[in-house]
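If you want the building blocks of each chain, they are given just below.
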Amino acid sequence: MLSWLLSLRWLMMVPSIGTGLGALLMFWIGAIRISAGLVVATVDSGNTKGMIVDVMGATDAFIFGVVLLIFSLALAFGFVFEPPASIRDRLPDWVRIGGISGLKRTLMEVIVLYLTVDFATYLAE
């Protein structure tokens, strides 16, 4: 019974893979926004406000991608995989979570950063 319950931890790979794919999507959107800002800067150099909005939007997308990547890795290494001590010691602190409270703390810190950049993007628009 206990081994069956412990095998359910592999279900946590579904949200981990999903958020990892979401992170890749946000990085792609950020790259598109940066290229749009570059086009505005080269074609319409007088439109600095449009360029600023594109760059801030790209920064917003990149930071949200980082949030999703942190969440994905924290789920995988915190709840699914049990790395050996030699590998666990080399992992960054934000990947080594002690449980749900560590995951919540990490996410709250990153969400505050994201909201700050999102607010700055809103002001730029």
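Residues numbered from 1 in each chain as written. Predicted model: local features only at pLDDT ≥ 70, side-chain atom pairs only at ≥ 80, totals over all residues. Heavy atoms only, no water.

Draft legend 1. Fine view of the packing of helix 2 (residues 13–43) against helix 3 (residues 48–80). Close contact between helix 2 and helix 3 brings their axes to 7 Å; oriented N to C, the two are set at 165 degrees. Between helix 2 and helix 3, the angle falls in the class roughly antiparallel. Our pair here, helix 2 against helix 3, has a crossing hand that is left-handed. Classifying every residue of the contact of helix 2 with helix 3 gives 24 nonpolar, 10 polar and 2 charged. (Axes fitted to C-alpha atoms, helices over the stretch in contact; angles between N-to-C directions. Helix = DSSP H or I, 4+ residues; strand = E, 2+ residues; numbered from the N terminus. Parallel < 35°, antiparallel > 145°, perpendicular 65-115°, else oblique. Left-handed = near helix turned anticlockwise from the far one by under 90°. Nonpolar A, V, L, I, M, F, W, Y, C, P; charged D, E, K, R; others polar.)

Draft legend 2. Structural context of the side chain of Ser 16. With respect to the secondary-structure elements, Ser 16 resides in helix 2. Once residues lying within four places of it in the same chain are set aside, the contact partners of Ser 16 are Ser 72, Leu 75 and Ala 76. (Contact = heavy atoms within 4.5 Å.)

Draft legend 3. Examining the packing of aromatic side chains more closely. Enumeration over the complete set of coordinates arrives at 1 aromatic pair. Taken together, a centroid distance of 6.4 Å and an interplanar angle of 40 degrees make the contact between Phe 27 and Phe 62 tilted. Of the two residues, Phe 27 is situated in helix 2 and Phe 62 in helix 3; the sequence distance between them amounts to 35 residues. Looking at Phe 27, the relative accessible area reads 26%, which means it is partly exposed. (Phe/Tyr/Trp six-rings, centres within 6.5 Å; stacked < 30°, edge-to-face > 60°. Buried < 20%, exposed > 50% of the residue type's maximum accessible area, 1.4 Å probe, protein only.)

Draft legend 4. How the structure looks around the environment of Gly 65. For Gly 65, the position within the fold is in helix 3. You can call Gly 65 buried: its relative accessible area is 0%. Spatially, the C-alpha atom of Gly 65 lies 9.9 Å from that of Tyr 114, the residues being 49 residues apart in sequence. Ignoring sequence-local partners within four residues, the contact set of Gly 65 consists of Ala 23, Met 26 and Phe 27.

Draft legend 5. Structural context of a nonpolar patch on the surface. The grouping of Leu 25, Trp 28, Ile 29 and Ile 32 at the surface amounts to a nonpolar patch, some 410 Å² of accessible area in total. Tracing the backbone through its elements, the reader meets Trp 28 in helix 2. (Patch = residues over 30% accessible without salt bridge, like charges linked within 9 Å, V, L, I, M, F, W, Y side chains within 5 Å. Areas by Shrake-Rupley, 256 points an atom, 1.4 Å probe, with all protein chains shown as cover. Salt bridge = Lys/Arg side-chain N within 4 Å of Asp/Glu carboxyl O.)

Draft legend 6. Inspection of the environment of Leu 75 at higher detail. Relative to the elements of secondary structure, Leu 75 occurs in helix 3. Note: C-alpha distance between Leu 75 and Thr 19 (56 residues apart in sequence) is 9.6 Å. Excluding its chain neighbours within four sequence positions, the residues that come into contact with Leu 75 are Met 12, Pro 15, Ser 16, Val 80 and Leu 103.

Draft legend 7. How the structure looks around the side chain of Asp 60. Within the secondary structure, Asp 60 sits in helix 3. Buried charged residue Asp 60 carries no salt bridge. Nearest counter-charge: Arg 33, at 7.1 Å. (Lys, Arg positive; Asp, Glu negative; His and termini not counted.)

Draft legend 8. Expanded view of helix 2. Its 31 residues give helix 2 an end-to-end C-alpha distance of 45 Å, which sits within 8% of 45 Å, the value for a rise of 1.5 Å per residue. Taken as a whole, helix 2 has its buried residues at Met 13, Ser 16, Thr 19, Gly 20, Gly 22, Ala 23, Met 26, Gly 30, Gly 37 and Val 40. Looking at the buried side of helix 2, the elements it contacts are helix 3. (Expected span 1.5 Å × (residues − 1).)

Draft legend 9. Quick peek at the confidence of the model for the protein. Mean pLDDT over the protein: 82, with 89% of residues reaching 70 or higher. Within the protein, the element-level pLDDT minimum falls on helix 1 (residues 2–7), averaging 64, and the maximum on helix 2, averaging 92. (pLDDT = per-residue confidence, 0-100.)

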